[in-house]
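Structural overview
These are the residues of each chain, in order.
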Amino acid sequence: MASTGNLSEEQVHCSICLDVFTNPVSIPCGHNFCQSCIVGYWKTSSLYQCPMCKKTFHKRPDISVNTVLREIAEQFKEIRIRGVEGKEVLCDACLGEGRPKAIKSCVVCLTSYCEEHLKSHAARFTKHKLMEPVANMEDRMCPKHERLLELFCKKDQTCVCVLCTETEHRMHYTVPVEREWTEKKAQLKRTEIDIQQMIQDRMKKVEEIKHSVELNKASAQREIEESMQVFSELVRSIQRTQAELVLDIEEKQRQTERRAGGLITELEQEIAELRRRNTGLENVAQTDHIHFLKKFPALSTPPSVKDWSNTSVPTDMCVGMIRRSVSKLEATFNEMTDKLTESEMKKIQKYTVDVTLDPDTANPWLQLSQDRRQVRHLGAWQDLPDHPDRFDTVVIVLGREGFTSGRHYWEVQVGEKDDWYLGVAKSSVNRKGRISVSTTQGYWALARKKGQGYRVSTSPPLLLPLDPKLKQIGVYVDYDEGQVSFYDIRAQTHIYTLKDTFTEKILPFFYLYCCDKSSDTIMICPVNGKSLTKQS
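So, a few notes on the structure that sits alongside this text. Computed from a predicted model, the values in this text were never measured in an experiment.

About the thresholds
Residues numbered from 1 in each chain as written. Predicted model: local features only at pLDDT ≥ 70, side-chain atom pairs only at ≥ 80, totals over all residues. Heavy atoms only, no water. Buried < 20%, exposed > 50% of the residue type's maximum accessible area, 1.4 Å probe, protein only. Helix = DSSP H or I, 4+ residues; strand = E, 2+ residues; numbered from the N terminus. Pairing = 2+ DSSP bridges. Salt bridge = Lys/Arg side-chain N within 4 Å of Asp/Glu carboxyl O. Phe/Tyr/Trp six-rings, centres within 6.5 Å; stacked < 30°, edge-to-face > 60°. Lys NZ or Arg CZ within 6 Å of the ring centre and 35° of its normal. Axes fitted to C-alpha atoms, helices over the stretch in contact; angles between N-to-C directions. Contact = heavy atoms within 4.5 Å. Core = buried A, V, L, I, M, F, W, Y, C linked by side-chain atoms within 4.5 Å. Parallel < 35°, antiparallel > 145°, perpendicular 65-115°, else oblique. Left-handed = near helix turned anticlockwise from the far one by under 90°. Nonpolar A, V, L, I, M, F, W, Y, C, P; charged D, E, K, R; others polar. Patch = residues over 30% accessible without salt bridge, like charges linked within 9 Å, V, L, I, M, F, W, Y side chains within 5 Å. Areas by Shrake-Rupley, 256 points an atom, 1.4 Å probe, with all protein chains shown as cover. 1 Å grid on protein atoms, 1.4 Å probe; cavity = no way out; pocket = protein on both sides within 12 Å on 5 of 7 lines; lining within 4 Å. Points joined across faces, edges and corners; volume = space filled by probe spheres on them.

Burial along strand E15 (residues 374-377) is one-sided: Val 375 and His 377 are buried, while Gln 374 and Arg 376, pointing the other way, are not. The pairing of strand E14 (residues 366-368) with E15 spans three bridges and is antiparallel. When the sheet's bridge partners are listed, Leu 368 is paired in E15 with Val 375. Hairpin connection of E14 to E15: five residues between the antiparallel strands, including Arg 372 at a positive phi of 65°. Inspection of the sheet shows E15 paired to strand E26 (residues 521-525) by three bridges, in the antiparallel sense. Counted as the bridge partner of Gln 374 is Met 523 from E26.

And the structure:
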């Protein structure tokens, strides 16, 4: 008997088909069978029972592929195939080496005969059944009755002999092994076709992923080139502004020098005049009495000169110039940011998804439209079933479709509503009682609070100075990157991006805080006037 390591081929035999496992599966009691064998066994029985230990299950138990056992079984099959290919059935009646090939095997004697010994056997045992020569005749015989395994029990999914149908397999539905073999071969062919299709699908997916990688590579290169252009333009703008600032500062400095030079010249002229006056005073002081008294009236009056007490040359002529130059760059940055946001929004629209509302989650104060894309605060309590997913206290409704990977985008029209939250929430958020909408509680949202403006659901909330009033909002979710972004559709501007790590399914969510205007409706609207389509 073939073996691998410490295992024998018998240990990897299915107890139903009595052959090496094909796609072995385990059932809850721990026993292993070929998948098709156990499934076929349960189809022929009214009970879900283990053929080995006879343990009965109330419903069809889950089965799981035993990958380790499958690999071992495949190894035994390869050993068997190699053994069969290199071996032919020889006559059991001949002695010594060089025995001839057998041409028939007797199912009664369990012996294979060459042409010469077959003649003598036929003469003695005319009623013995013969078959094509096979090795290991014992494997084809019933170990209990020593009869050929000619039948297959559908209920117990095992090969049996004729006497078995009169004992433990009495009243069981049996068919000739050839017929069951034909059916199983057909089933195997169908499985083979299915597996081949699965292989083709996966090969196609591999090519699709490879193609996506190439597109991603090309996209990344375009992004790099675009970023180089953008930042080069920014650098040029900064350098240009800096050069202009330097020229302005130098011109200011030259103006200061010219003004200071003029002041110095004027002061030096006055100093010269005063020195002359002072010399005249000194000369008069030395004259006789009569001459002094005659000159005194003209010299005693101070000369008419400029008051220089408030005149100065500032040492910091460039106060505020740098700030004003930098502030000029703000317009350039804003213009460039607007262009980039416009391009960004065109890209994210490729990930538009069809978001619909889940009525099983809607608070009884909320009324959904028939198409499940609009919601309004009804202003009255509705008598709805107490579904475990329903929000019983807070006026929230969740989207029906959730996300566990990928990128997703949708747009929401909030109209004139003054109190709302919108964004995404973890599927496991609490649905009952009071709720705090924040990232720490599993909500990533933008909100408008009446009298308090706009905010995002950080902890604590972050106020946003938004103007004018938002009418239509785009929501973009990148699950793998862990970001939720909000956009003003009319202004084509980015509002805010929340970043986190998602570990479970997230769902679109809407919170209509109060009913001051019960007729106001929040609506999931088409993107760019197009109907919403599901993106893969």
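Let's shift gears to the pattern of salt bridges. Overall, the coordinates contain 20 salt bridges when judged by the stated rule. With its nearest N and O atoms 2.5 Å apart, the salt bridge here joins Arg 373 to Asp 354. On the criterion of sequence distance, the pair formed by Arg 373 in the loop between E14 and E15 and Asp 354 in the loop between helix H6 (321-348) and E14 is long-range, its members being 19 residues apart. Asp 478 is the partner of Arg 407 in a salt bridge, and the nearest nitrogen-oxygen pair spans 3.2 Å. Of the two residues, Arg 407 sits in strand E17 (residues 407-413) while Asp 478 sits in strand E22 (residues 472-478), which places them 71 residues apart along the sequence. Taking the relative accessible area as the measure of exposure, Asp 478 reaches 5% and is therefore buried.

Another point: the packing of aromatic side chains. Taken as a whole, this structure holds nine aromatic pairs when the rule is applied. Each ring, one from Trp 444 and one from Phe 502, has its centre 5.0 Å from the other, and the planes form 85°; the classification is edge-to-face. With Trp 444 in strand E19 (residues 443-449) and Phe 502 in the loop between strand E24 (493-499) and strand E25 (506-512), this residue pair connects regions lying 58 residues apart in the sequence. Judged by its relative accessible area of 9%, Phe 502 falls in the buried class. The ring of Trp 308 has Lys 306 lying over it, and the distance from NZ or CZ to the ring centre is 4.5 Å.

Moving on to the sheet that holds strand E11 (residues 151-153). Hydrogen bonds between backbone atoms are what pair the strands of a sheet, whose relative direction is either parallel or antiparallel. If you trace the three strands from one edge of the open sheet to the other, you get E12-E11-E13, paired in antiparallel fashion. Two strands lie at the open edges of the sheet, namely strand E12 (158-160) and strand E13 (174-176), each paired on one side alone. For this sheet the average axis-to-axis angle between neighbouring strands, irrespective of direction, equals 35°. The strands touched by helix H4 (residues 177-285) within the sheet are E11, E12 and E13, with E13 carrying the most contacts at an inclination of about 90°.

Our next topic: the nonpolar core. In terms of nonpolar packing, the biggest core is built from 51 residues, with Trp 410, Leu 422, Tyr 443, Leu 446, Phe 486, Phe 509 and Phe 510 touching the most fellow members. With six residues, the single largest contributor to this core is E25. Excluding residues that lie within four positions of it along the chain, Leu 446 makes contacts with Trp 420, Tyr 421, Leu 422, Arg 455, Val 456, Leu 464, Leu 470, Ile 473, Phe 486 and Ile 495. Core analysis: the second largest hydrophobic core is formed by 20 residues, Cys 14, Phe 57, Leu 69 and Ile 72 among them.

It is the contact of H4 with helix H5 (residues 289-300), at a shortest axis distance of 10 Å, that shows an interaxial angle of 160°. Classed by the angle they form, the pair H4 and H5 counts as roughly antiparallel. The chirality of how H4 crosses H5 is left-handed. For the pair formed by H4 and H5, the contact residues are Arg 277, Gly 280, Leu 281, Val 284 and Ala 285 on the first element and Phe 292, Lys 295, Ala 298 and Leu 299 on the second. Of the residues assigned to the contact of H4 with H5, the class counts are six nonpolar, one polar and two charged.

Three or more residues of helix H1 (residues 35-43) are buried, namely Cys 37, Ile 38, Val 39, Gly 40, Tyr 41 and Trp 42. As for H1, its buried residues are in contact with strand E3 (24-26), strand E4 (32-34) and strand E5 (48-49).

The subject of this paragraph is the sheet that holds E4. If you trace the three strands from one edge of the open sheet to the other, you get E4-E3-E7, paired in antiparallel fashion. This sheet does not close on itself; its edge strands, each paired only once, are E4 and strand E7 (64-65). The strands that H1 touches are E3 and E4; relative to E4, the one it contacts most, it runs at about 90°.

Our next topic: a nonpolar patch on the surface. A cluster of nonpolar side chains, Ile 195, Met 198, Ile 199 and Met 203, forms an exposed patch at the surface whose accessible area comes to about 360 Å². Mapped onto the fold, Ile 195 is located in helix H4.

We now examine the layout of surface pockets. One number sums up the size of the second largest pocket: a volume of about 1200 Å³. Looking at the second largest pocket, it is lined by 29 residues, and the ones nearest its centre are Ser 219, Lys 347, Lys 350, Tyr 351 and Arg 407. Within the residue set of the lining of the second largest pocket, elements represented by two or more residues are H4, H6, E17 and E22. Here the lining of the second largest pocket gets 13 residues from one element, more than from any other, and that element is H4. When grouped by side-chain class, the residues that make up the lining of the second largest pocket number eight nonpolar, twelve polar and nine charged.

At their nearest, the axes of H4 and H6 sit 9 Å apart, and the two run at 165° to each other. Viewed along their axes, H4 and H6 adopt a mutual orientation that is roughly antiparallel. For the pair H4 and H6, the sense of crossing is right-handed. Across the interface between the two elements, Glu 223, Glu 226, Val 230, Glu 233, Leu 234, Ser 237, Ile 238, Thr 241, Leu 245, Asp 248, Ile 249 and Lys 252 from H4 touch Met 321, Ile 322, Ser 325, Leu 329, Thr 332, Phe 333, Met 336, Leu 340 and Lys 347 from H6. Residues that form the contact of H4 with H6 fall into these classes: eleven nonpolar, four polar and six charged.

Purely geometric numbers; function is a separate question.
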